[in-house]
Amino acid sequence: MAFEHAKVAAANLEFLATLDFELLPREMLEASRQAAAAGLKREQADIRLAAAKLLNRQGPGDRRTEFISAVCDEQRKVRWQVVRRYSANPGELESAQLLLLVSFLSDGRLSSEVRGDVYALLLAVHEALSRGAKPPVYDPWAAPEAQAAALAQWDAWARAASRR
């Protein structure tokens, strides 16, 4: 029964992702984003992926922090929905989201693969927000504790970029 429920929930989120949100009333748009944000926290990978696809395609609106947190999902397909959205729309990220991304780099509990995807996103956002400036070097496969200088540089960049 739970499997069937998950399939229906994923299908509903996939359907919502196909809609033209510009034609929907604001309340429906926000309800869809709220459902997607809740879907990001579900145990079933297919629901999390469908939720991430919806937020990638339609934009996360006020659910930016929930969506940016999905860059730490165990499933790479979910993480890359976040990377794609914010690589194409870096201006949607505010100070809180930039600082949250930097905090993920320093989280030794996250796998190297997850930190690598966080770093890929930070590089794309850095390029868009700091054209021509060289980004701080970071090695997602090295222990975060050994990269204090790089993490401090990323933190300083995030704070400066958020004041733009």
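Residues numbered from 1 in each chain as written. Predicted model: local features only at pLDDT ≥ 70, side-chain atom pairs only at ≥ 80, totals over all residues. Heavy atoms only, no water.

K.L.:
What is the right way to read the packing of aromatic side chains from this model?
P.N.:
Centre distance and the angle of the planes are the two values used to describe a pair of aromatic rings. Per the stated rule, a full pass over the model turns up four aromatic pairs. Measuring from centroid to centroid gives 5.7 Å for Phe 67 and Tyr 86, while their planes differ by 50 degrees, and the two rings are tilted. With Phe 67 in helix H4 (residues 64-69) and Tyr 86 in helix H5 (residues 76-88), the pair connects residues that are 19 residues apart, well separated along the chain. When its relative accessible area of 0% is taken as the criterion, Phe 67 is described as buried. For the pair Tyr 119 and Trp 154, a centre-to-centre distance of 6.1 Å together with 90 degrees between the ring planes defines the contact as edge-to-face. (Phe/Tyr/Trp six-rings, centres within 6.5 Å; stacked < 30°, edge-to-face > 60°. Helix = DSSP H or I, 4+ residues; strand = E, 2+ residues; numbered from the N terminus. Buried < 20%, exposed > 50% of the residue type's maximum accessible area, 1.4 Å probe, protein only.)

K.L.:
So what exactly am I meant to see when it comes to the side chain of Asp 107 here?
P.N.:
By the secondary structure assignment, Asp 107 is in the loop between helix H6 (95-105) and helix H7 (112-129). Judged by its relative accessible area of 16%, Asp 107 falls in the buried class. A polar contact of 2.9 Å, which involves the side chain of Asp 107, links it to the backbone nitrogen of Arg 109. (Polar contact = N/O pair within 3.5 Å; in protein donor to acceptor, adjacent residues only side chain to side chain.)

K.L.:
How do you make sense of the environment of Ile 68 when you look at a structure like this?
P.N.:
Examined against the element boundaries, Ile 68 turns out to sit in helix H4. The class of Ile 68 is buried, set by a relative accessible area of 0%. Linking Ile 68 and Gln 81, residues 13 residues apart in sequence, is a C-alpha distance of 9.8 Å.

K.L.:
Help me understand the environment of Ser 162 in this model?
P.N.:
Mapping Ser 162 onto the fold places it in the segment after helix H8 (148-161). When its relative accessible area of 26% is taken as the criterion, Ser 162 is described as partly exposed. Distance from Ser 162 to Ser 95, taken between C-alpha atoms, is 4.6 Å for residues 67 residues apart in sequence. The residues contacting Ser 162, other than those within four sequence positions of it, are Ser 95 and Leu 98. (Contact = heavy atoms within 4.5 Å.)

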